[in-house]
Amino acid sequence: MAEEKEADSFKILRIHDRRVERRNLRESSAIAPQPQRGQPQLGSDYGGPPLPPTQHGPVYQELTNITQEQWNLQTRDTSGLQAMWFSEGEPKDKTGPSFLPEATFGQPYMSPSLSRDVWSFLRTIPPVPAEVKVRRAPGDFCKVGMLHHGKRVSAIAVSRAPHHVYTCGSGYIRVWDDSALHASDRAPQAQLDFQNRQNRVLTCKLFPDEQSLITGGVAQTLTLWDLAPTPQVKAQLASTGPICYSLAISSDAHICLACFKGFVEIWDVQNQILIRKHEVPVYGSRCVDITGHKFWTGGEDTILYSWDLRSYQRLQQHHLSNEILCITHDPGEEWVLAGLKMSDIVILHAHREEKFKAVIQRYTHHHNLKFASCGTYFVSTQDESIHCIEAPTLQRLFQTEESSDILCCDISSDNKYLVTGSKNTATVYQLLY
């Protein structure tokens, strides 16, 4: 009964579609026409009645009465911010805007002058640096390239400046340069062969500076790669388990977590030192992610665990009812998303007791989640389907189908390309704004 109560405590959300009909999927002339095209939006399958009104604190109530002129005056230095979402009541430990997929700003209307508390709250919103180009979510996409890896693509990474794609699988990694992204017949720029051809990459992560890559999988080591000027092995980190299922890297690139069956290795990757072999539930160790001083694990036992990186104590466990296939987080490391085997997406705040579930109810074998670095959207792949979903509105921006199951995906950090990996190839999509 305790598990049922925990699962029932999630607020249910609906992923909804645009009301306007989107254009069909456009394909580059370099690609032969494919049978699958952008799917029309499905209103009834994912829609639902509006959520009941929520009781909010005085700051929220006053904020909803801001006039457009008042808001423009206050946000003159933060013009790139998206519409904000606020939690029920006052935030307990954070004063910035909340990515809460529930109650949005309504249409502003005339109101009296704002109180000192509200102006103080608004001033805590940091300005967007002048050098940052704030992007909206993409309105469309175009399939522009196919990368022929030759074997099952189990993991993938995309870098920028210049763009490179790293397709990973059994025996080798292939490197594709910018010219291959808009073609279907280009050879890879390089092929990185493993000494042991039986080694198979199941997971990979780019470092924040995109100058290094770490890979793990069916091997006795984690491999650290230098990518510039020429990709080469930098170090081999001797792991204590036979199969690494998932990797995560801290935002400062000092800590790497490697998830094995029943434990997580915590590495100081700068000094290439194993800090700790941390035991976790055997059936709760399929995937791992890190946000600040917390890390998260989940798997077949349907429970999402959070752990303290300093004390190594278990902090919380959330019963999600279905097997957890992937975990990711937003760029601000405030929100954690878990993709379930029933295709549902669970959204939890990393610090507050706020839990939501976007219900899809479709059984799936493969579920991948990737948040865009701009923070305005994320991609969910479910078997052969791709869904691009705006944050925080949960509006589906577009969707399409591939001919086979999608095993992995990544978005370039400049938010220009989405690349998916499947049984023999990787597909390149250009995101259009």
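Residues numbered from 1 in each chain as written. Predicted model: local features only at pLDDT ≥ 70, side-chain atom pairs only at ≥ 80, totals over all residues. Heavy atoms only, no water.

(A) Spatial organisation of the overall build of the chain. Secondary structure assignment for the chain yields 5 helices and 31 strands. Among the 433 residues that make up the chain, the fraction classed as buried is 55%. Across the chain, contacts joining residues at least 24 apart in sequence account for 51% of those joining residues at least 6 apart. Carbon and sulfur atoms form 48% of the exposed surface of the chain, whose accessible area is close to 19900 Å². (Helix = DSSP H or I, 4+ residues; strand = E, 2+ residues; numbered from the N terminus. Buried < 20%, exposed > 50% of the residue type's maximum accessible area, 1.4 Å probe, protein only. Contact = heavy atoms within 4.5 Å. Areas by Shrake-Rupley, 256 points an atom, 1.4 Å probe, with all protein chains shown as cover.)

(B) Here's a closer look at the sheet that holds strand 28 (residues 395–401). Taken together, 5 strands build an open sheet; the order of strands is 2-28-27-26-25 and the sheet is mixed. Looking at which strands have only one partner, the edges of the open sheet turn out to be strand 2 (16–17) and strand 25 (367–371). Of the strand pairs in this sheet, strand 26 (residues 377–382) and strand 27 (residues 385–390) are connected by 6 bridges, and their pairing is antiparallel. Residue pairing in the sheet places Gln382 in a bridge with Ser385 of strand 27. (Pairing = 2+ DSSP bridges.)

(C) Unusual backbone geometry, seen in detail. With an omega of -10°, the peptide bond running from Ala161 to Pro162 counts as cis. In this fold, Pro162 is placed in the loop between strand 5 (155–159) and strand 6 (164–168). Ala228 connects to Pro229 through a cis peptide bond whose omega is -5°. Counting through the fold element by element, Pro229 comes out in the loop between strand 11 (221–226) and strand 12 (232–238). Positive phi is not limited to glycine here, since Thr302 has a value of about 70°. For Thr302, the position within the fold is in the loop between strand 18 (294–298) and strand 19 (303–308). Judged by its relative accessible area of 17%, Thr302 falls in the buried class. Positive phi is not limited to glycine here, since Tyr312 has a value of about 65°.

(D) Examining the sheet that holds strand 20 (residues 314–319) more closely. Spatially, 17-18-19-20 is the arrangement adopted by the 4 strands of the open sheet, whose pairing is antiparallel. Each edge of the open sheet is held by one strand with a lone partner, namely strand 17 (287–291) and strand 20. Direction aside, neighbouring strands of the sheet carry axes that sit 20° apart on average. As judged from the 5 bridges shared by strand 19 and strand 20, these two strands associate in the antiparallel manner. Note that in strand 20 the partner of Leu304 across the bridge is His318. (Axes fitted to C-alpha atoms, helices over the stretch in contact; angles between N-to-C directions.)

(E) Structural context of the packing of aromatic side chains. Under the defined criterion, the tally for this structure stands at 8 aromatic pairs. Ring-pair connections join several aromatic residues into one group, and the members of that group are Phe141, Phe398 and Tyr429. The ring of Phe263 has Lys277 lying over it, and the distance from NZ or CZ to the ring centre is 4.3 Å. Between the NZ or CZ atom of Lys357 and the centre of the ring of Phe10, over which it lies, the distance is 5.6 Å. (Phe/Tyr/Trp six-rings, centres within 6.5 Å; stacked < 30°, edge-to-face > 60°. Lys NZ or Arg CZ within 6 Å of the ring centre and 35° of its normal.)

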